[in-house]
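# Summary of the model geometry
Chain by chain, the residues run as shown.
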Amino acid sequence: MEKTLFEKIMTGEIPGQIEYEDDLCIALRDINPQAPIHLLIIPRKPIPRVGEASKEDQATLGHLLLTAGQIAKNLNLENGFRIVINNGEDGGETVPHLHVHLLGGRQLDWPPG
Ligand code: AMP
């Protein structure tokens, strides 16, 4: 299977600003930031999207959220932040490798577009 864009960034084939990494995931700076802080928390395993995750991915999915929360704490986002997972075409997904958006550093609007 061809590597996803994010796998190519993980292996260094494509450049990217990786701000954090561990054995299960990386945190990548979004190339088109929608807020002063916009990171993508991406599992090393190329799960396409949350709707295709399986029971065996449970620990990985939990790890992504815990990592996002820890990074938000490290970045002093105590005033608030947002976590977003886009799923499929109607959800606005453009990269078919699961990722959690971590957005912060400004007042975020609701509802999203
Ligand atoms: P989504 O639309 O939820 O699938 O999110 C994909 C995100 O990946 C978008 O916010 C893009 O700006 C971001 N993105 C696309 N290509 C790159 C790249 N080469 N490096 C970092 N972020 C990227």
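Data block above holds the structure.
The following paragraphs examine the structure supplied in this document.

Looking now at the pairing of strand E5 (residues 100-104). Most of E5 sits inside the fold, with five of its five residues counted as buried. Burial along E5 is two-sided: the residues Val 100, Leu 102 and Gly 104 and His 101 and Leu 103 are all buried. Of the pairings in the sheet, the one linking strand E4 (residues 81-84) to E5 comprises four bridges and is antiparallel in character. Among the inter-strand pairings, Val 84 is bridged to a residue of E5, identified as His 101.

Once that is clear, we can look at the pairing of strand E1 (residues 18-21). The pairing of E1 with strand E2 (residues 25-29) spans three bridges and is classified as antiparallel. Following the sheet pairing, Glu 21 is matched in E2 by Ile 26. Taking the residues between adjacent antiparallel strands as the criterion, E1 and E2 are bridged by three residues.

With that settled, the discussion passes to a nonpolar patch on the surface. Side chains of Val 50, Leu 65, Phe 81, Ile 83 and Ile 85 sit close together on the surface and give an oily, nonpolar patch of about 390 Å² of accessible area. If you trace the backbone, Ile 85 turns up in the loop between E4 and E5.

Moving on to helix H2 (residues 58-74). Here H2 contains 17 residues, and its C-alpha end-to-end distance of 24 Å stays within 8% of the 24 Å for a straight helix at 1.5 Å per residue. Those residues of H2 not exposed but buried are Thr 60, Leu 64, Thr 67, Ala 68, Ile 71 and Ala 72. End-on view of H2: buried residues confined to an arc of 135°, all on one side of the axis. Pointing more than 90 degrees away from the buried face of H2 are the exposed residues Gln 58, Ala 59, Leu 66 and Lys 73. Contacts made by the buried residues of H2 are with E1, E2, strand E3 (37-43), E4 and E5. One or two residues past the end of H2 sits Asn 76, with phi positive at roughly 60°.

Thresholds applied
- Residues numbered from 1 in each chain as written.
- Predicted model: local features only at pLDDT ≥ 70, side-chain atom pairs only at ≥ 80, totals over all residues.
- Heavy atoms only, no water.
- Buried < 20%, exposed > 50% of the residue type's maximum accessible area, 1.4 Å probe, protein only.
- Helix = DSSP H or I, 4+ residues; strand = E, 2+ residues; numbered from the N terminus.
- Pairing = 2+ DSSP bridges.
- Patch = residues over 30% accessible without salt bridge, like charges linked within 9 Å, V, L, I, M, F, W, Y side chains within 5 Å.
- Areas by Shrake-Rupley, 256 points an atom, 1.4 Å probe, with all protein chains shown as cover.
- Salt bridge = Lys/Arg side-chain N within 4 Å of Asp/Glu carboxyl O.
- Expected span 1.5 Å × (residues − 1).
- Arc of directions from axis to C-beta.
- Contact = heavy atoms within 4.5 Å.

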